[in-house]
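For reference, the chains in residue letters:
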Amino acid sequence: MTRSPAKPRRLRDLKGFGPRSEEILAEVDIHSVEDFMAIDPYQLYARLKARVKGTGLNSIYAIIGARENRHWQEIKQQHKTEILFKLDELGLAPK
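Notes on the structure in this doc start here.

The rules behind these values
Residues numbered from 1 in each chain as written. Predicted model: local features only at pLDDT ≥ 70, side-chain atom pairs only at ≥ 80, totals over all residues. Heavy atoms only, no water. Helix = DSSP H or I, 4+ residues; strand = E, 2+ residues; numbered from the N terminus. Expected span 1.5 Å × (residues − 1). Contact = heavy atoms within 4.5 Å. Core = buried A, V, L, I, M, F, W, Y, C linked by side-chain atoms within 4.5 Å. Buried < 20%, exposed > 50% of the residue type's maximum accessible area, 1.4 Å probe, protein only. Axes fitted to C-alpha atoms, helices over the stretch in contact; angles between N-to-C directions. Left-handed = near helix turned anticlockwise from the far one by under 90°. Nonpolar A, V, L, I, M, F, W, Y, C, P; charged D, E, K, R; others polar.

## Here we look at helix α4 (residues 57–68)
Here is step 1: Taking 1.5 Å per residue, 12 residues should reach 16 Å; α4 reaches 17 Å between its end C-alpha atoms and fits that length.
Here is step 2: Lining the buried residues of α4 we find α2 (33–38), α3 (41–51) and α5 (72–89).

This is the structure in structure tokens:
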């Protein structure tokens, strides 16, 4: 019988995240895995862009990757175009 992986208890336990990710997310009032999973990834990216200097495209890839338990580079490689279109619709695309 195959056991399912343990549910992450801390933000740093999500794929691609670590202690610095927890600090950054705390700056936008995300303090738990539940908080993180409850917010739309694009809303979270918008908050980060507005409040955390240096937030770039890799951040949205990392957010989506952590939610899906996939590496951010895999997200970038497979979904970059659709993510960029969505960011453009929201007025969040890089200039």
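## Focus on the nonpolar core
Here is step 1: Core analysis: the largest hydrophobic core is formed by 25 residues, its most contacted members being L25, I30, F36, L44, I60, I83 and L87.
Here is step 2: Not counting residues up to four positions away in its chain, the partners in contact with F36 are L11, L14, F17, L25, I30, L44, I63, A66 and R67.

## Quick word on unusual backbone geometry
Here is step 1: Of note, the phi angle at D29 is positive, near 65 degrees, even though the residue is not glycine.
Here is step 2: For D29, the location among the structural elements is in the loop between α1 (19–26) and α2.
Here is step 3: For N69, which is not a glycine, the phi torsion comes out positive at approximately 60 degrees.
Here is step 4: Looking at the secondary structure, you find N69 in the loop between α4 and α5.

## Observations regarding the packing of α3 against α4
Here is step 1: With their axes 10 Å apart at the nearest point, α3 and α4 run at an angle of 145 degrees to one another. α4 is crossed by α3, and the crossing has right-handed handedness. When α3 is examined against α4, the residues P41, Y42, L44, Y45 and L48 are found in contact with a partner set consisting of L57, S59, I60, I63, I64 and R67.
Here is step 2: Across the contact of α3 with α4, the residue classes tally to nine nonpolar, one polar and one charged.

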